[in-house]
Amino acid sequence: MSCMTLRQAEIPDLILNGTTVPGIEASGMQVKGNVFFRSGFKSDGEVSLLGASIGGQLDCSDATFLNSGPRDVPGGGIAIAADRISVGDGVFLNRRFRAEGEVRFPGAKIGGDFTCGGGCFIGPTKLAEIRPDVLGADAQKNYRFALTADGIAVNGDVHLDEGFSAEGEVRLLGARIAGNLDCSGARFSNPLQVGFSDNARVFAADGAEVKGCIFFRDSFYAEGDVELLGARVEKNLECIGSTFRGRVATHGASIAGGFHWLGIKNPELATLLLDDTSASRILDDVESWPLKGHLELDGFVYRRITQGPRDHHSRLDWLARQQEFTPQPYRQLAKVLRDEGDDAGARQVLYKMECQRRSEEKRVWNAPTHQGHTRKAFSYFRHLVKTLANHVWNQTLRLTIGHGYYPGRALALLLLFVALGWPLFRYGYFSRNIAPTDKDAYSDFKRDRYPPEHYERFSASIYSLENSFPLVKLGQVDRWQPDPTPPESHAPARGLIRRVSRYVVSPGFLRGFRRFQILLGWVLATLFAAGVTGVVRKD
């Protein structure tokens, strides 16, 4: 039975409600009014509306279109072919609409809404399933399309909601939508065939421009990958109360409003890839965050967090869930925290970033196999020394100045050694092991056990302070020193504690401790200056 032919026809209206046809060939058809294929309409073959022009509506609600044969069979696989169609009002593929075969609207121009709510779209058999030899290495890719509308221009909303279901990929690449793209309550799947390993793509709107919002909410379900690469959304992208069994990828997308990731069901099944995406704000909750290794935030730019955890502790856990370390997400979070007045949290985020980055810089080095044994051993030894030195340097920066984000640690360490030196020098003085530097005063001190009256008295705290802080001169170091010629003690010290006590206040020990104080003071002071100026930070 041949299909109905209306090619290049010019008619006022086309109404085929409740009829059954073997297919329709209406390419280039001109209809001034409406086209109605509804109320039980059924087609057992392809309905071709290529390049057709319809002044009113195209209404296919409660209709059935069957052509589910494999795409590599001539005439098979396409239920509706409406490439480059022009419709003055809305398109309705909703309510009990059912298509077994690909529905195509690429390059279409729709004057109203594109409504598929409640429709059932079942894509044709994959070409790769029938002819794997044709695709070769590409056979792993998904070629099963349920709805294809690349480059479609809709002067209203796109409704894939209210029980919409698709078995096969839904494509809206480069679509231009004047309103919302609503997938609330929809169900997308793309079952894999035997021998296929990766998730199939179920929804793709790469490069789409949406003037309103994109909604994946109200029990939305996707069993496969959802991609919005390079999409432009002028309001919100809302993923609320949804299930994603695959990747949600927005690489390069721009979201002028908020990115919502709330109430996600079974978040352990989702992988969220927000790399190089921008959004005005984030709204999320901890329970919806993906598992470790299932989050990508490199290049994700946002201005504030309006819902969800705002403390740096929680957000550091969020960053730790990324697939691999990159510094940009840490800097971005620190910027947002600083803008919200949490300078301490921002500093802690940057500190953790620096710790993580220096840890990631450790590389496993393998010597070239063509080298001789001697050169190979030397290379390994040189690498070992370099690795050890780098580790010591990194640990020194971490402990002393917090990689440049906590330079106050260096001052705290200096004060610690001042406090440690105070009792040593004090008891050393009482033990007569600290003596004047002036020759005459030293003679009086050795003879009378006290310096002359005119000589500056010893202060253990100031003496320790001068030794620890470079360039601090208060007169104690110039006038007092560990005794260069201490008398020999012939009385043996009984007990370990007494022997240790006598040793730590001996002139030799005090002299060594003082030198260590001076050296450490210069090192810590230099690191403090480097931390304050940001020299050691790798910003």
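Each value, and the rule that gives it
- Each chain carries its own residue numbering, running from 1 in the direction its sequence is written.
- In keeping with the model being predicted, local features are shown solely for residues with a pLDDT of at least 70 and side-chain atom pairs are shown and tallied solely at 80 or more, while totals for entire chains, interfaces and linings include all residues.
- Where side-chain values are given, they derive from all heavy atoms of the structure, hydrogens and water being excluded.
- Scored from 0 to 100, pLDDT records how confident the predictor is in each individual residue.
- Contacts were defined at the residue level, with two residues in contact if any of their heavy atoms lie within 4.5 Å.
- Should DSSP find at least two bridges between two strands, the strands are regarded as paired.
- Secondary structure counts use DSSP, requiring at least four H or I residues in a row for a helix and at least two E residues in a row for a strand, with both numbered from the N terminus.
- Patch building starts from residues that exceed 30% relative accessible area and form no salt bridge, then joins like charges within 9 Å and nonpolar side chains (Val, Leu, Ile, Met, Phe, Trp, Tyr) within 5 Å.
- What sets the accessible areas is the Shrake-Rupley method with a 1.4 Å probe; for residues, cover comes only from the shown protein chains.
- We define a salt bridge as a side-chain nitrogen of Lys or Arg found within 4 Å of a carboxyl oxygen belonging to Asp or Glu.
- Here a cavity means grid points, on a 1 Å grid over the protein atoms only, where a 1.4 Å probe fits yet cannot get out; a pocket means an open set of points with protein on both sides within 12 Å along at least five of seven lines; lining residues are those with an atom within 4 Å of a point.
- Grid points are joined across faces, edges and corners, and a volume is the space filled by probe spheres set on the points.
- Residue classes follow a fixed rule: Ala, Val, Leu, Ile, Met, Phe, Trp, Tyr, Cys and Pro count as nonpolar, while Asp, Glu, Lys and Arg count as charged, and any other residue, Gly among them, counts as polar.

Colleague: If you had to explain the confidence of the model for the chain to someone new, which residues and values would you point to?
Modeller: Across the chain, pLDDT averages 87, with 87% of residues at or above 70. pLDDT under 50 marks residues 128-142. Its contacts with residues more than four places away, or in other chains, come to 22 contacts.

Colleague: Describe the sheet that holds strand 4 (residues 20-21), with residues and values.
Modeller: Across the sheet, nine strands lie side by side as 4-8-12-16-20-24-28-32-36; this open sheet has parallel pairing. Since the sheet does not close on itself, it has two edges, and those belong to strand 4 and strand 36 (243-244), each with one partner. Here strand 24 (residues 165-167) pairs with strand 28 (residues 187-189) via three bridges, running parallel. The residue bridging Ser165 from the neighbouring strand is Arg187, located in strand 28.

Colleague: Break down a nonpolar patch on the surface for me, citing the residues and quoting the values.
Modeller: Judged by side-chain polarity, Leu471, Ile518 and Trp522 come together as a nonpolar surface patch covering roughly 340 Å² of accessible area. Mapping Leu471 onto the fold places it in the loop between helix 9 (460-468) and helix 10 (476-479).

Colleague: Hey, could you go over empty space enclosed by the protein for me, with residue numbers and the actual values?
Modeller: By the definition in use, this model includes one cavity of 30 Å³ or more. What the largest cavity holds in volume is close to 70 Å³. Every residue lining the largest cavity is listed: Phe259, Trp261, Leu272, Leu274, Ile282, Asp284, Trp289, Pro290, Leu295, Leu297, Phe300 and Trp318. Sorting the residues of the lining of the largest cavity by element identifies strand 38 (254-262) and strand 40 (278-284) as the ones contributing at least two each. Along the lines of polarity and charge, the residues of the lining of the largest cavity split into eleven nonpolar, no polar and one charged.

Colleague: With reference to specific residues and values, describe the pattern of salt bridges.
Modeller: Oppositely charged side chains may form a pair once their charged atoms are brought near each other. Tallying each qualifying case throughout the model produces 24 salt bridges. Across the salt bridge formed by Glu238 and Arg217, the nearest N and O atoms sit 2.8 Å from each other. Linking Glu238 in strand 35 (residues 237-240) with Arg217 in strand 31 (residues 214-217), this pair joins segments that are 21 residues apart in sequence. Where salt bridges share partners, they join Glu169, Arg201, Asp206, Asp225, Glu227 and Arg247 into one cluster.

Colleague: Help me get a handle on the sheet that holds strand 41 (residues 295-296), residues and values and all.
Modeller: The sheet built from twelve strands is open, its strands ordered 1-5-9-13-17-21-25-29-33-37-39-41 with parallel pairing. If you trace the sheet from one side to the other, it starts and ends with strand 1 (4-5) and strand 41, each paired once. Here strand 37 (residues 247-249) runs beside strand 39 (residues 271-273); their pairing, made up of three bridges, is parallel. Bridging from a neighbouring strand, Ala249 pairs with Leu273 of strand 39.

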